Amino acid sequence: MFPNLYRFAFLLCSTLKNRIMNCKLIWSAFVLALTTTGAIAQDIPQSQVPAVVVNSFQQKFPKAKKVDWELKGNVYEAEFETGLFGIDQEAWFQHNGKLLRYKTDINKRELPKSVLDRVKRDFPGYRIEDAKKITAEQKVSYAFEVKSRKEEWKLVLDPQGNVLTKVRD
């Protein structure tokens, strides 16, 4: 199955070789397809989550409330809330309890100055919505949408304000 996806992405990119942004978008979609193919989410009760995963989760997020578990392939995903106002968060764990990725909703005022400066420079007059802080393997990134009256973009930037992903919505 994957060789066919690879071949399709390669052929599509080679026909669009003069449009680098389109090619990046196609490769991003290809990677997304690879990581989600066969990983259909299945809601599971906490009793079916390995104890080592539950213990790791509880140690890292002792104030978590309203925890829902899903199994995606071999990865356990916990969706939960913390804090007085129920901030939405997600954490992904390997079967051995290792935290792979953590995502939390943040207020746009919590974005680093370098990220805000980049948005002001590249998207003047746009508003920031749906900001999230993502930590994966000790690397932090910020995902959010920027919107104007005419268009929307989904962006992912590193803490220094470098654009990692930029997709028109």
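Residue numbers run consecutively from 1 along every chain, following the written order of its sequence. Reporting of local features is limited, given that this is a predicted model, to residues whose pLDDT is at least 70; pairs of side-chain atoms are given and counted only at 80 or more, and all residues count toward the totals for whole chains, interfaces and linings. Note that water and hydrogens are dropped before the side-chain values are worked out from all heavy atoms of the structure.

Novice: Mind showing me how you'd approach the environment of Lys147 here?
Specialist: Examined against the element boundaries, Lys147 turns out to sit in strand 7 (residues 139-147). A relative accessible area of 15% means that Lys147 is categorised as buried. With 19 residues separating them along the chain, Lys147 and Ile128 place their C-alpha atoms 6.6 Å apart. Note on definitions: a residue-residue contact is assigned when non-hydrogen atoms from the two residues lie within 4.5 Å. Not counting residues within four places of it along the chain, the set of residues in contact with Lys147 comprises Gly125, Tyr126, Arg127, Glu129 and Glu152. Pairs of N or O atoms within 3.5 Å make up the polar contacts considered here, provided that, within protein, one atom can donate a hydrogen while the other can accept it, and that residues adjacent in sequence are counted only when both atoms are side-chain atoms. Separated by 2.9 Å, the side chains of Lys147 and Glu129 make a polar contact. Elements are defined by DSSP. Helices are runs of H or I of four residues or more, strands are runs of E of two residues or more, and each kind is numbered from the N terminus. Relative accessible area decides the class of each residue, using a 1.4 Å probe on protein chains only: under 20% of the type maximum gives buried, over 50% gives exposed, and in between gives partly exposed.

Novice: Just checking my understanding: could you explain the pairing of strand 4 (residues 87-93) for this structure?
Specialist: When you tally the buried positions in strand 4, you get five out of seven residues, the bulk of the element. When strand 3 (residues 75-82) meets strand 4, the two strands line up antiparallel, connected through seven bridges. Across the sheet, the residue bridging to Tyr76 is Phe93, located in strand 4. Between strand 3 and strand 4, which follow one another and run antiparallel, lie four residues, and Gly83 among them has a positive phi close to 80°. Strands were regarded as paired on the criterion that DSSP finds at least two bridges between them. Of the pairings in the sheet, the one linking strand 4 to strand 5 (residues 99-105) comprises five bridges and is antiparallel in character. Considered in strand 5, the bridge of Gln89 is made with Thr104. Here strand 4 hands over to strand 5 after five residues, with Gly97 in that stretch at a positive phi of 95°.

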